[in-house]
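Letter by letter, the chains look like this.
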Amino acid sequence: MVPFDRKSVFLEVSIGAQTLSLINQGEVLKSYPVSTAKNGPGEQRGSECTPRGWHVVRAKIGEGQPLYSVFIGRRPTGEVYSPELGLSYPQRDWILTRILWLGGLESGKNRYGPVDSAWRYIYIHGCPDESMRGRPESHGCIRMHNADVLDLFERVTAGVRVFIHE
């Protein structure tokens, strides 16, 4: 096995396969199921599409919060998600457990102006586990099972690169 080297680590998100892989020196260390945008790939603000290309984790949010913690505006609400809470707020786009906030690295493609991933608030985050059905259903973000996003959060640092492709 290749030794773990944070400088050569990156995340690869395959929109087609609905997977996120943690890669170190070309070796897949771990792969997770994800749910990307129901509107498909795309970079325009307001499109509710998942942006493609190279990104960076610009911030890690939620350290120390309990599993299933609810976030609104990147802040914990103090709530812990349960199916009963979900029924109380059926229209809420649930952001749970941890947030990896992405920033685009490709000027004009996913950075600056109406295509800027950070300004679009594109995250890798937890969602209700019952919402993970193996198909694109998000509003642009990359959704994960809560245990998986917690595991990923512990494995990566802010600054890790993320490549999103079809």
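See the structure printed just above.
Residues numbered from 1 in each chain as written. Predicted model: local features only at pLDDT ≥ 70, side-chain atom pairs only at ≥ 80, totals over all residues. Heavy atoms only, no water.

(A) Structural view of the overall build of the protein chain. When helices and strands are counted, the protein chain shows two helices and ten strands. When its helices and strands are written in sequence order, the protein chain yields β-β-β-β-β-β-α-β-β-β-α-β. Principal axes of the C-alpha set define a box for the protein chain whose edges measure 45 × 40 × 25 Å. Across the 166 residues of the protein chain, 46% fall into the buried class. Expressed as a percentage of contacts within the protein chain between residues at least 6 apart in sequence, the contacts between residues at least 24 apart total 65%. Element-wise, carbon and sulfur atoms account for 52% of the exposed surface of the protein chain, whose accessible area totals about 7,900 Å². Averaging the positions of the 20 positive and the 18 negative side-chain charges in the protein chain gives two centres separated by 5 Å. (Helix = DSSP H or I, 4+ residues; strand = E, 2+ residues; numbered from the N terminus. Buried < 20%, exposed > 50% of the residue type's maximum accessible area, 1.4 Å probe, protein only. Contact = heavy atoms within 4.5 Å. Areas by Shrake-Rupley, 256 points an atom, 1.4 Å probe, with all protein chains shown as cover. Lys, Arg positive; Asp, Glu negative; His and termini not counted. Charge placed at Lys NZ, Arg CZ, Asp CG, Glu CD.)

(B) Spotlight on the state of the cysteines. Tallied over the full model, the rule gives zero disulfides. The thiol sulfur of C127 is not disulfide-bonded, and the nearest other cysteine sulfur, from C141, lies at 10 Å. A residue is classified by how much of its surface remains accessible, and C141, at 10% relative accessible area, is buried. (Disulfide = S-S within 2.5 Å.)

(C) Highlighting the layout of surface pockets. Empty space within the largest pocket amounts to approximately 250 Å³. Taken together, 16 residues line the largest pocket, and the ones lying closest to its centre are P90, R92, W94, S131 and R143. Its residues assigned to classes, the lining of the largest pocket comprises five nonpolar, four polar and seven charged. If you add up the space inside the second largest pocket, you get close to 190 Å³. In terms of lining residues, the second largest pocket is bounded by 14 residues, among which E48, R120, Y121, I122 and H139 are the most central. (1 Å grid on protein atoms, 1.4 Å probe; cavity = no way out; pocket = protein on both sides within 12 Å on 5 of 7 lines; lining within 4 Å. Points joined across faces, edges and corners; volume = space filled by probe spheres on them. Nonpolar A, V, L, I, M, F, W, Y, C, P; charged D, E, K, R; others polar.)

(D) Looking closely at helix 2 (residues 146-155). The set of residues buried in helix 2 consists of N146, D148, V149, L152 and F153. Looking straight down helix 2, one finds its buried side chains confined to an arc of 160°; they lie on one side. (Arc of directions from axis to C-beta.)

(E) Representation of the nonpolar core in the model. Counting residues in each nonpolar core, the largest one holds 22 residues, and the members touching the most others are L11, L20, L102, I124, I142, M144 and L152. Those elements that provide at least two residues to this core are strand 1 (9-14), strand 2 (19-24), strand 3 (27-35), strand 7 (95-104), strand 9 (142-144), helix 2 and strand 10 (161-165). Those residues in contact with I142 that sit more than four places away from it in its chain are V13, L20, V34, S35, T36, T50, L102, Y123, I124, H125 and I164. Counting eight residues, the second largest nonpolar core, distinct from the first, contains I95, I99, A118 and C141. (Core = buried A, V, L, I, M, F, W, Y, C linked by side-chain atoms within 4.5 Å.)

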